[in-house]
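A look at the structure
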Amino acid sequence: MSLEIKICGINTPDALDAALEAGADMIGMVFFAPSPRHVEHATAHALAERARGRARVVALTVDADDSALAEIVARVRPDILQLHGKETPARVAAIRARFELPVIKAIGIATQADIDGLKAYEGSADWLLLDAKAPKGAALPGGNGVTFDWTLLAGLSLATPFMLSGGLDPSNVGDALSLIRPAGVDVSSGVERAPGVKDPDRIAAFVRAARAADIEPVDAIRNPARACAASAPYANQTSPAS
Ligand SMILES: O=C(O)c1ccccc1NCC(=O)[C@H](O)[C@H](O)COP(=O)(O)O
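Treat the numbers as computed from the prediction; the structure is a model and nothing was measured. (Residues numbered from 1 in each chain as written. Predicted model: local features only at pLDDT ≥ 70, side-chain atom pairs only at ≥ 80, totals over all residues.)

1. Structural notes on the sheet that holds strand β7 (residues 162-164)
Judged by pairing direction, the barrel is parallel, and its eight strands sit side by side in the order β1-β2-β3-β4-β5-β6-β7-β8 before closing back on the first. If you compare each strand with its neighbour and ignore which way they point, the axes differ by 30 degrees on average. (Pairing = 2+ DSSP bridges. Helix = DSSP H or I, 4+ residues; strand = E, 2+ residues; numbered from the N terminus. Axes fitted to C-alpha atoms, helices over the stretch in contact; angles between N-to-C directions.)

Below, the structure written as structure tokens:
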């Protein structure tokens, strides 16, 4: 299975077109009012329709309640929900069951204890998104453009596919992929020219760099789920749950 590339924080047709033309597999839209990338439902609907069939549409929320999620699902028809708050494994499972959509659960990683905590989400999320923890005082729980210590992922063995995120950009995604074998990579700040403003050239450069580095590395920290990804939930583009 080839690497999944997700461009997050898409909020304009130009940004969307840049991601699609670059060959992104997933585009993420942020439903979180304090974010400079926040999209209103009407905008998100139009962007999702433009993306439909070309990339999977991911709706990112932060500790959203069922009614907020229901409105997003009804109006935007995302392919995938990304949960970027403090959702517990039980809450992730409940959302997945209620909305009958695949779920990406984002987890902030800073210490081995965070790695140990990942197992609790296996079976409730379809994907884990391993992200940096937000810096102290940050206004946003994600999308801060900071990396974490990737060596913490050494020896990580999960049955659930994981994506790597946090501070990736065109210059470091190759290094990340030479060290780690995630099922996917996710970027937002690293392909922007200002917070909330995507840069088409950086999007293209990121996708190019990630695809170029997506080779079998000799000393890889393997993601076992990726090795058997043909039978994993996202084995094909059009039907993420199949
Ligand atoms: O992007 C936001 O504004 C945001 C707001 C609230 C929660 C999460 C948010 N973004 C998450 C992402 O864009 C990515 O999934 C990921 O964390 C990568 O972000 P970055 O470090 O900026 O590349």
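So, next bit.
2. A closer look at the site of the ligand
Surrounding the ligand, one finds 26 residues, the nearest of these being Ser 35, Gly 142, Gly 143, Ser 188 and Ser 189. Residue composition of the shell around the ligand, grouped by class: 10 nonpolar, 13 polar and three charged. (Near = placed C-beta within 6 Å. Nonpolar A, V, L, I, M, F, W, Y, C, P; charged D, E, K, R; others polar.)

3. What about the pairing of strand β4 (residues 80-83)?
Here β4 shows a buried face lined by Ile 80 and Gln 82 and a second buried face lined by Leu 81 and Leu 83. Two elements, strand β3 (residues 56-61) and β4, share four bridges in a ladder whose sense is parallel. Residue pairing in the sheet places Val 58 in a bridge with Ile 80 of β4. Handedness of the β-α-β unit built from β3, helix α3 (residues 66-76) and β4 comes out right-handed. In terms of strand pairing, β4 meets strand β5 (residues 103-109) through three bridges, oriented parallel. Paired with Leu 83 across the two strands is Lys 105, which belongs to β5. (Buried ≥ 20, exposed ≤ 12 C-beta atoms within 10 Å, placed from the backbone. Right-handed = clockwise from strand over helix to strand, strands pointing away.)

4. Things to note about the UniProt feature "domain: N-(5'phosphoribosyl) anthranilate isomerase (PRAI)" (unreviewed entry) in the protein
Following the UniProt record, the feature "domain: N-(5'phosphoribosyl) anthranilate isomerase (PRAI)" (unreviewed entry) maps to residues 5-208 here. The span residues 5-208 is 31% helical and 22% strand by assignment, and the distance between its end C-alpha atoms comes to 10 Å. (UniProt positions renumbered as here; feature names shortened; annotations may be inferred.)

5. Description of the pairing of β5
Each regular strand carries side chains that alternate between the two faces of the sheet. Across the seven residues of β5, six count as buried, placing the element largely inside the fold. A crossover links β4 with its parallel partner β5, the connecting element being helix α4 (residues 89-99), and its sense is right-handed. Note: β5 against strand β6 (residues 127-132), six bridges, orientation parallel. If you follow Ile 104 over to β6, its bridge partner there is Trp 127.

6. So, helix α2 (residues 41-51)
For α2, every residue scored as buried is listed here: Ala 44, Leu 47, Ala 48 and Ala 51. Summarising the axial view, the buried residues of α2 lie within an arc of 100 degrees, below the 170-degree limit, and thus occupy one face. What points out from α2, more than 90 degrees from its buried face, is the exposed set Ala 42 and Glu 49. Looking one or two residues beyond α2, the residue adopting positive phi is Gly 53, at roughly 85 degrees. (Arc of directions from axis to C-beta.)

7. Some words on the confidence of the model for the protein
With 88% of its residues at a pLDDT of 70 or more, the protein has an overall mean of 90. This model gives residues 217-222 a pLDDT under 50, and the stretch forms 11 contacts once residues within four places in sequence are excluded. Every residue in residues 227-242 scores below 50 in pLDDT, and together they form 25 contacts with partners more than four places removed in sequence or on other chains. Here the predicted complex carries an ipTM of 0.97, next to a pTM of 0.90. (pLDDT = per-residue confidence, 0-100. Contact = placed C-beta atoms within 7 Å.)

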